[in-house]
Amino acid sequence: MSALTTINPVEPFLRADRMPHIWCPGCGIGTTVNCFARALVESKLPIEKVAVVSGIGCTGRVAGYLHLDSFHTTHGRAIPFATGLKLANPDLNVVVYSGDGDLIAIGGNHFIHAARRNVDITVICVNNFTYGMTGGQVAPTTPVGATASTSPYGCFERPFNLPFLAESSGAVYVARWTTYHVRHVAHAMVEAFQKKGFSFIEILSPCPTLYQRRNKMGDGLDTMRYYKQHSVIRNGAHTREVDINLQGDIIVGKFVDIERPTLHETMEQQLREKLQDRYAGGGGA
Amino acid sequence: MILNNAIPQCVLTGAHFLDGDCACSEGAIAAGANFAAGYPITPSTEVVEHFASRIPTVGGVFLQMEDELASSIAILGATWGGAKAFTVTSGPGFSLMMEHIGYAAMTETPCVFVDVQRGGPSTGLPTLPGQADMMQARWGSHGDYEIIALCPNSPQECFDLTIDAFNLAEEFRIPVLVMMDECVGHMTEKVVIPPASDIKLFPRRYTSLPPSEYLPYRPGPDGIPEMARAGEGYRTEVTGLTHDEHGYPAMNWQAQKKLVSRLLGKIRNNLDRITRWEERGLEDAEVVVVAYGITSRVAERAMQMARAEGLQVGLLRPVVVWPFPEKRVRELAARVRSFVVVEINYGQIVHEVERCAGGQARAVFVGHGGGAVHEPEEILQAMREAAQ
């Protein structure tokens, strides 16, 4: 039996001097940060070798609250920043932590290309189906029919299915959970940290202030209940079949876990083969 | 600050026959650049093609990104990872990179942007010269910030000034712009690359403090903070938001004033050290022709023709265009009759000359819409008018 402790195990990973954070009551982003800190504890990664890169938005604030090498970059560009960071410093475990609007709308092009290249980074996407920071506008993840401030009569665009997008672009690890599934989320993060290549975790999260309220879905707790009742764990499900609708079940689980050489590995191999003794190395630019 | 010598394996010492784009690339390698990200765009692509071919034999990475937005922030990630990094583009790509010039300025990320200017606006004249990005270089990103921009007028200077650009970027922790033009980029001339021991490099301002005492944005005595490389245990926060000395967001006007005035001061308080120009025949000049980049070489020919006619014409060529050699133009304005400003645009640097002259001397503008360089005769004609 270990002695009773009063130390919050995630505190070493947080910038306590920056609290309180900006997130609303009932928001799920903080829950994911807790999972992230627990995953760091469990994975035993050296803390000085973990870098977190965020874009802009509510989830974009995550990097700044984590007491790591943290980079709060420009809107949509966390992934290419992370690509440069990782290639220049391959010893780092680079995690991109951002929202659906940031990663998939403005940053969508970078998302598919980083997956294609199989850059050795982990991308965590907190998907709350809306732009929280700017007041609840429609996003490329907003389900058809959902109301947002810029789709006042309901969204009429088909949303992206993020796991399918990630897999078809080349991601080697793809999972989806909700903020109800805290242990699964933390476990998926541990797996993603250990995975070589482009790993992707989508975490569905309530935005009670804007998305849930506007769509009469209740508050944060109601959303947790919804996640509990409507999530169907289907590990290995074909990502083509995991679309999310306004109502109905949510398929969660680990969908993809394959091996494929990373960008760094293919680059090294190719250059060594072609240049032989003349190759001076690229890693650790 | 003790300067380092360039690394011998990075320096192709000797006399070469190179175009400006390749000379720029060699300059970057000699300066220790070991990371470049770029996206193909005429007339700049040769810079990264050359880099892609050379860098694996020297040690480093080139990555062709999906667009210029990605290129221009991949280099910033690489810099925080410990690399010396740059990107290269031309007009339309330069427009896309503006946000990250601002981000680099705000986060004080040393890096180099090369713009090989072509005719614009928009897609304009992809294969033909222009000098119409000069104001964009100065003001293109939103908000108040300062950069340094250099304008080479030969392949030799493409090499030399690219090294200077990296040194200035490290010294002041800012993005530095190398504003080439299509002619300078594509002309081939003799380029002498000195021995590595003659190339002095400004080292990155890494902190020697332990993490417990380090504040990432606490300015040193010269107003410039020290850096920490990711992965070394400093665990710093870097943000494009207005921030305090901890690097933490600070959303109030006091923090804004403190930070932005310091960022501006890095350049504005060091003008005498940063501004740089070449002058010819100014001792007895009544007319001063102001030109930069390829245009300066045409203007020089016109100056010779004018001198042959007995006109007292001199040349002022800003080598560093931003910050502008304001003090020198002001001094000259007090004693010369007029300026002739020659540039391949419809009027950009001429406004700066007029501003600095403050009405003491007239400025005659010789513009060109792009797609070619001036004829010396056009400039000569303007010199004759200016001498009246």
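Preceding this section is the structure that the text describes.
Now for a look at the structure at hand. Here the structure is a predicted model, which means the values were calculated and not measured.

## Remarks on the sheet that holds strand S14 (residues 287-290) of chain B
All names here are of chain B.
Phase 1: Taken in spatial order, the five strands make up an open sheet running S13-S15-S14-S17-S18, and their pairing is mixed. Every other strand in the sheet has two partners, leaving strand S13 (277-280) and strand S18 (362-366) as the edge strands with one partner each. Going across the sheet, the axis of each strand differs from the next one's by a mean of 20 degrees, ignoring polarity.
Phase 2: As judged from the five bridges shared by strand S17 (residues 338-342) and S18, these two strands associate in the parallel manner. Bridging from a neighbouring strand, Val 342 pairs with Val 366 of S18.

## Some remarks on the nonpolar core
Residues and elements named next belong to chain B.
Phase 1: If you look at the biggest cluster of nonpolar residues, it comprises 213 residues, and the most contacted ones within it are Val 289 and Val 340.
Phase 2: Ranked by the residues each element gives to this core, the list is headed by helix H6 (residues 155-172), at nine residues.
Phase 3: Looking at this core, you find at least three residues from each of domain 1 (4-201) and domain 2 (276-387).
Phase 4: When near neighbours in sequence (up to four residues on either side) are disregarded, Val 289 contacts Ala 299, Ala 302, Met 303, Val 313, Leu 315, Val 340, Val 342, Ile 379 and Met 383.

## Comments concerning unusual backbone geometry
Phase 1: The residue after Thr 42 of chain B, namely Pro 43 of chain B, is reached through a cis peptide bond having omega 5 degrees.
Phase 2: With respect to the helices, strands and loops of the structure, Pro 43 of chain B is situated in the loop between strand S3 (35-38) and helix H2 (45-58).
Phase 3: Geometrically, the link from Trp 322 of chain B to Pro 323 of chain B is a cis peptide bond, its omega value of -5 degrees lying close to zero.
Phase 4: Inspection of the secondary structure assignment puts Pro 323 of chain B in the loop between strand S16 (320-322) and helix H11 (326-333).
Phase 5: Located in the positive-phi region is Phe 129 of chain A, a residue other than glycine, with phi close to 70 degrees.
Phase 6: Tracing the chain through its elements places Phe 129 of chain A in the loop between strand S4 (122-127) and strand S5 (130-131).
Phase 7: For Lys 216 of chain A, which is not glycine, the phi dihedral falls at a positive 55 degrees.

What counts and how
Residues numbered from 1 in each chain as written. Chains lettered and ligands numbered in written order. Predicted model: local features only at pLDDT ≥ 70, side-chain atom pairs only at ≥ 80, totals over all residues. Pairing = 2+ DSSP bridges. Helix = DSSP H or I, 4+ residues; strand = E, 2+ residues; numbered from the N terminus. Axes fitted to C-alpha atoms, helices over the stretch in contact; angles between N-to-C directions. Core = buried A, V, L, I, M, F, W, Y, C linked by C-beta atoms within 7 Å. Buried ≥ 20, exposed ≤ 12 C-beta atoms within 10 Å, placed from the backbone. Domains from an automatic or database assignment. Contact = placed C-beta atoms within 7 Å.

Geometric descriptors of this kind do not, in isolation, establish any biological role.
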